[in-house]
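# Descriptive structure summary
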Amino acid sequence: MAALVAAVALLAACSGGGSDDGPIAATPSPSAAATTAPVAKPGGTLRIVTGRMPNGDPGWAVSSGEQAVARLVTRQLYSYPTDRDPTRSTVPRPDLAVGAPVVSDNGLVYTVRLRAAARWDTPNQRRITANDVARGVKRLCTPPNPSPLRGYFAATIVGFSQFCDELAATPLADAAAFIESNTIEGVEIVGDDTVAFHLLAPVNDFVDVLALPAASPVPLEVLAYQPNSLDYLHNLVSAGPYRFTVAQDDSPGFRLSRNPSWNASSDPIRPALVDHITITDGQTSDQMLQELEAGNADMSLGAVLPTARAEELAKAKDDRLEVDQVGTTLALTVGLDGPSAAALREQSIRQALPYCVDRTSLAAALGGPEFATAATSLLQEPMTGYTEADPFPSAGGTGDADRCREALRDTPGGPVTALSLLTSDGQADAAVAESLRTSFARAGIRLDVRIRTGDKYTAAAVAPNGQFWDLALTRIMPAWFGDAGRTVFQPLLDETWVGSRPADGGYRDPVAARQLDAALRARSESDAATDWAELEQTVVASAAVIPLAVVHAPVLHSGNVTTFTIVPSIGTADPTAISLGSG
């Protein structure tokens, strides 16, 4: 480790050179299209409030707050542009890459060339290289808490899983040295400015994988610090348009200013409108909302706007309220190994469960049409393959209590009169649980709610062999939108998936697995749309997972904000594209 730290110091003292070269030949791809920055007034100080300060580590950036901070200080090979039209903001564009990847004829090798003008915020403004890209991917497996996003890389890149296994067996004190001295077979450094990714099988969404914050390059300096930690934050080396300018250990809150190593002409994604950013942490949701309402803060990271207040703002058409056009899918996972397994393993019995649900009332409990819409599919607009098909239609989406009652009365194990429902302790889950309890009661079924908090909910939800529940309230939070079927279905269906996943009821279907593989390999957008729609039909028609609603998070900003554009993949506004009315 000492040798590694010495190497860090030596590298910081050396300078990098080079200049941008012309574009490489590339296969036609939407990712090569340009994006237009919003026309807005630059300057001023953006004031952000948050409960917990994100540590800025892109490999672990999952929440909207973490991804917003990552947008300020990191870059990826490809990124999603800031645009109010979700058909454009969900298509990845070149960021650090000079253009679209060059894809081999068999679809197994993606070669990407980097912009020479992209620099780290080091004293010598060192160039961002292909080695930095490889390092960012390798460290996703760092023990003891590897990245929750590593599943997309394990399922795609040759040798990634094997590298992770070897790193997991390495003593913690030697992990950084192991990362720097070993390679992933499928991540080939062709030269300082070129990296080639070798895939396990052809897939049509690999550019989206490369647009994840987790695919961000990282400098050698970060290996001296534990990933996803305060040490990482305190020693962060920026690649984005902003950098931390106040010593966080000695000052209240955090302050960012423009990064002199960043070149606007080499970054087509981030407008970098404001001059400075302050982030005040340690606040409760109530405190954050009070600061926003009073105009003492401009945006928040993670504040929950109460439904009643959001409804008031929507009714008044208050321009401080923004609502994401896409959202999180709320669903019920059916437990096939729980107390009522004898009945629920029968598909014909499960297929009665959607009729037990009043989706219309459930969406109303979450704030109505502005903030929640009833859903009969797991995909949502504008995802490839989305359709409005409903295999279990009911009048007005209110369910069919008689059909539910009759099916559950005649099951292999006798009449089902009670089911257990696993939920988290969140306020929204409580409202949903009450709505479900009411609609199931109409069919003569008692719902017994089992509440678990935080990690206890997660542990209970993803352990099919230890199920004590029949139904689990879960959220499917896509890692990206657009060509996004993988991010919905692979964590749900793939038994070998690593990292975060929705509640797992034990549903395994070889037909669905083959359909997932076909959808990922589809060579045209129309074929992909057909394949994803067929997979959707298989999963939803099985009633192993029951879509309930798409939840759109209401976001409040101050009246001083003049442009505030939510990027679906971030889950909140791009802070680099916010414009202020005054300094």
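Residues numbered from 1 in each chain as written. Predicted model: local features only at pLDDT ≥ 70, side-chain atom pairs only at ≥ 80, totals over all residues. Heavy atoms only, no water.

Let's shift gears to the pairing of strand β6 (residues 187-191). Sheet topology places β6 next to strand β7 (residues 194-198); 4 bridges connect them, and they run antiparallel. Residue pairing across strands places G191 opposite T194, the latter belonging to β7. The hairpin turn running from β6 into β7, its antiparallel successor, is 2 residues long. (Pairing = 2+ DSSP bridges. Helix = DSSP H or I, 4+ residues; strand = E, 2+ residues; numbered from the N terminus.)

The predicted coordinates ought not to be read in detail in places where the model reports low pLDDT. Averaged over every residue, the pLDDT of the protein chain is 90; residues scoring 70 or more account for 92%. Below pLDDT 50 for its whole length, residues 1-38 participates in 70 contacts with residues either more than four positions away or in separate chains. (pLDDT = per-residue confidence, 0-100. Contact = heavy atoms within 4.5 Å.)

This brings us to unusual backbone geometry. Cis rather than trans, the peptide bond between P143 and P144 has omega equal to 5 degrees. The residue P144 is located in the loop between α4 (130-138) and α5 (151-154) in this model. The step from E381 to P382 runs through a cis peptide bond, and the omega angle for that step is 5 degrees. Within the secondary structure, P382 sits in the loop between β14 (372-374) and α15 (401-409). In this structure, Q125 takes a positive phi of about 50 degrees despite not being glycine. Following the sequence through the fold, Q125 ends up in the loop between β5 (109-113) and α4. The backbone of A543 shows a phi angle near 60 degrees, a positive value even though the residue is not glycine. Mapping A543 onto the fold places it in the loop between α20 (525-542) and β18 (545-551).

Spatially, the 5 strands line up as an open sheet ordered β8-β9-β10-β1-β11, and their pairing is mixed. Of all the strands in the sheet, the pair left with one neighbour each is β8 (242-244) and β11 (299-301). Averaged over all neighbouring strand pairs, the angle between strand axes comes to 25 degrees, with direction disregarded. Pairing of strand β9 (residues 254-258) with strand β10 (residues 276-280), which is carried by 4 bridges, proceeds in the antiparallel orientation. Across the sheet, the residue bridging to R255 is T278, located in β10. Contacting β1 (45-50) and β11, helix α10 (residues 285-294) runs over the sheet at an angle of about 165 degrees to β11. (Axes fitted to C-alpha atoms, helices over the stretch in contact; angles between N-to-C directions.)

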